[in-house]
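Analysis of the macromolecular model
Single-letter residue listing:
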Amino acid sequence: MRTMNQQRNGYHRLDNARNPDDPSGERIQLWMSIEMVHNSQRYSNFRFENIKTAAACIVDPLRINAHIRDGDESQGWCYVSAPDQIRSGQGDGLMQNGDRLFTVFVDSEFRVFDWGRENRDIVDRDSPDGASEQALAEGRGRFGELVWIKTT
Amino acid sequence: MDQNDLGRLMDSMRSEPAKKPGGFFSESGDCVFFYNEDVPYVRDRIDGLVTVYRAIDDSRIIGVQVKNVSRLPFHDALQVEVSSVNQRDMVRLLLLTFAKTEPTEDSTTKYTDAIRKMNEPALAG
């Protein structure tokens, strides 16, 4: 059970995330390694600054997909949002997100390990490309299961 | 922790030296991220193993992500569990990953483009 105010050494805690195991239930904490934050700063300002976009995405996602890797028995989730603006990578600068989605990838240990902009699926405009329910039903889906759809 | 805590953490890192271009291995994602240029980008998934990053202005490839790295043959020899990954490492990773796929014309073109980009002189962005 994940209780409030936990700490993990070497990780930054991201509060108030929607729980992928119980999306309508109590909010949970996700984690981002300090090393991941460091590496983002070292190699891509765009990636680094949009950590804040990722933190917002996990709080109010449009979609949550489970089973994010081919042939991977473990879980892992993809949170999806559609912010109007994202970080430009220049300090606090913002840019229009356009007709794109923002995705955040979380492993089975509830650690955020990737995030970024993606194109929308041509069928389900609130799912990233290749992740629509139709694609899932036809067995050609990018992810294994759609566990959350925001309805309001 | 709230957004302010996250902001403070990020602020504490802003003055640290960058290592651009370059990349790194993520244990939790079992993947390698590599950035040739530091510009805004969109993720473009080739298949379940590789995603390329395309610049917003002209869709050129500016980076790449290779997944399931620990399952690659010769994984130990690649020594990717280090924080810093260079262009040569990325070419090797892409070639090994491509060898595991069932290539299509489209995926072959995209892999080729990604490998070619990794062989170009990198731009700091």
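The structure presented is a predicted model; accordingly, all values stated were derived computationally and were not measured.

Concerning the packing of helix H3 (residues 87-99) of chain B against helix H4 (residues 105-119) of chain B
Residues and elements named next belong to chain B. Between H3 and H4, the shortest axis-to-axis distance is 8 Å and the interhelical angle comes to 165 degrees. Judged by the angle between their axes, H3 and H4 are roughly antiparallel. Seen from above, H3 lies across H4 with left-handed handedness. Here Gln87, Met90, Val91, Leu94, Leu95, Thr97 and Phe98 of H3 come into contact with H4, specifically with Thr108, Tyr111, Ala114, Ile115, Lys117, Met118 and Asn119. Of the residues in the contact of H3 with H4, the class split is nine nonpolar, four polar and one charged.

Some details on the pairing of strand E3 (residues 41-45) of chain B
All names here are of chain B. Counting buried residues along E3, four of its five residues qualify, which places the element largely inside the surrounding structure. In terms of strand pairing, E3 meets strand E4 (residues 50-55) through five bridges, oriented antiparallel. Looking at the pairing, Val42 lines up with Arg54 of E4.

Looking at the interface of chain A and chain B
Listed as interface residues are 44 residues of chain A and, on the opposing side, 41 residues of chain B. Summing both sides of the interface, chain A and chain B together bury roughly 3,800 Å²; the carbon and sulfur share of this comes to 54%. At the junction of chain A and chain B, the tally comes to four salt bridges. Linking chain A with chain B are 12 residue pairs in polar contact (both at pLDDT 80 or more), by the criterion used here. Secondary structure elements with two or more residues in the side of chain A that touches chain B: strand E1 (11-17), helix H1 (34-43), helix H2 (45-49), helix H3 (51-57), strand E7 (100-106) and strand E8 (112-119) of chain A. By residue number, the principal contributor to the side of chain A that touches chain B is H1(A), which donates 10 residues. Counted by class, the side of chain A that touches chain B contains 14 nonpolar, 13 polar and 17 charged residues.

A short note on the pairing of strand E4 (residues 77-81) of chain A
Residue and element names in this part refer to chain A. For E4, a buried count of five out of five residues is recorded, marking the element as mostly surrounded by other parts of the structure. The sheet contact formed by strand E3 (residues 63-66) and E4 spans four bridges and is antiparallel. Its bridge partner lying in E4, Ile64 is registered against Tyr79. Where E4 and E7 come together, five bridges link them in antiparallel fashion. In the strand pairing of E7, Val80 is matched with Thr103.

So, the layout of surface pockets
Empty space within the second largest pocket amounts to approximately 290 Å³. As for the second largest pocket, its lining consists of 12 residues, of which Asp129(A), Gly130(A), Arg140(A), Arg142(A) and Arg45(B) are closest to the centre. At the level of secondary structure, the elements contributing two or more residues to the lining of the second largest pocket comprise E8 of chain A together with E3 of chain B. Broken down by element, the residue count for the lining of the second largest pocket peaks at three residues, all from E3(B). Considered class by class, the residues forming the lining of the second largest pocket number no nonpolar, four polar and eight charged.

So, the nonpolar core
Counting 50 residues, the largest nonpolar core has Leu30(A), Tyr79(A), Val104(A) and Trp115(A) as its most contacted members. In terms of residues, this core owes the most to one element, E7(A), which gives five residues. Membership of the second largest hydrophobic core comes to 22 residues, among which are Phe25(B), Leu49(B), Val69(B) and Leu72(B).

Brief notes about the confidence of the model for chain B
Per-residue pLDDT for chain B averages 86, and the proportion of residues at 70 or more is 86%. Model confidence for the complex: the whole-complex pTM is 0.91, and ipTM, which rates the interface, is 0.90.

Section: the environment of Trp115(A)
If you trace the backbone, Trp115(A) turns up in strand E8. Counting along the chain gives 16 residues from Trp115(A) to Ala131(A), while the straight-line C-alpha distance between them is 16 Å. Excluding residues within four positions of it along the chain, Trp115(A) makes contact with Met32(A), Met36(A), Ser40(A), Arg47(A), Asn50(A), Ile51(A), Ala54(A), Phe102(A), Thr103(A), Val104(A) and Tyr41(B). Polar contacts involving the side chain of Trp115(A) include one to the main-chain carbonyl oxygen of Arg47(A), which spans 2.8 Å.

Thoughts on the state of the cysteines
A full pass over the atoms with the stated rule returns zero disulfides over all chains. Left unpaired, Cys78(A) is separated from the closest cysteine sulfur, that of Cys57(A), by 7.6 Å. Its sulfur unpaired, Cys31(B) is 13 Å from the next cysteine sulfur, which belongs to Cys78(A).

About the criteria used
Residues numbered from 1 in each chain as written. Chains lettered and ligands numbered in written order. Predicted model: local features only at pLDDT ≥ 70, side-chain atom pairs only at ≥ 80, totals over all residues. Heavy atoms only, no water. Axes fitted to C-alpha atoms, helices over the stretch in contact; angles between N-to-C directions. Helix = DSSP H or I, 4+ residues; strand = E, 2+ residues; numbered from the N terminus. Parallel < 35°, antiparallel > 145°, perpendicular 65-115°, else oblique. Left-handed = near helix turned anticlockwise from the far one by under 90°. Contact = heavy atoms within 4.5 Å. Nonpolar A, V, L, I, M, F, W, Y, C, P; charged D, E, K, R; others polar. Buried < 20%, exposed > 50% of the residue type's maximum accessible area, 1.4 Å probe, protein only. Pairing = 2+ DSSP bridges. Buried area = accessible area lost by both parts, 1.4 Å probe. Salt bridge = Lys/Arg side-chain N within 4 Å of Asp/Glu carboxyl O. Polar contact = N/O pair within 3.5 Å; in protein donor to acceptor, adjacent residues only side chain to side chain. 1 Å grid on protein atoms, 1.4 Å probe; cavity = no way out; pocket = protein on both sides within 12 Å on 5 of 7 lines; lining within 4 Å. Points joined across faces, edges and corners; volume = space filled by probe spheres on them. Core = buried A, V, L, I, M, F, W, Y, C linked by side-chain atoms within 4.5 Å. pLDDT = per-residue confidence, 0-100. Disulfide = S-S within 2.5 Å.

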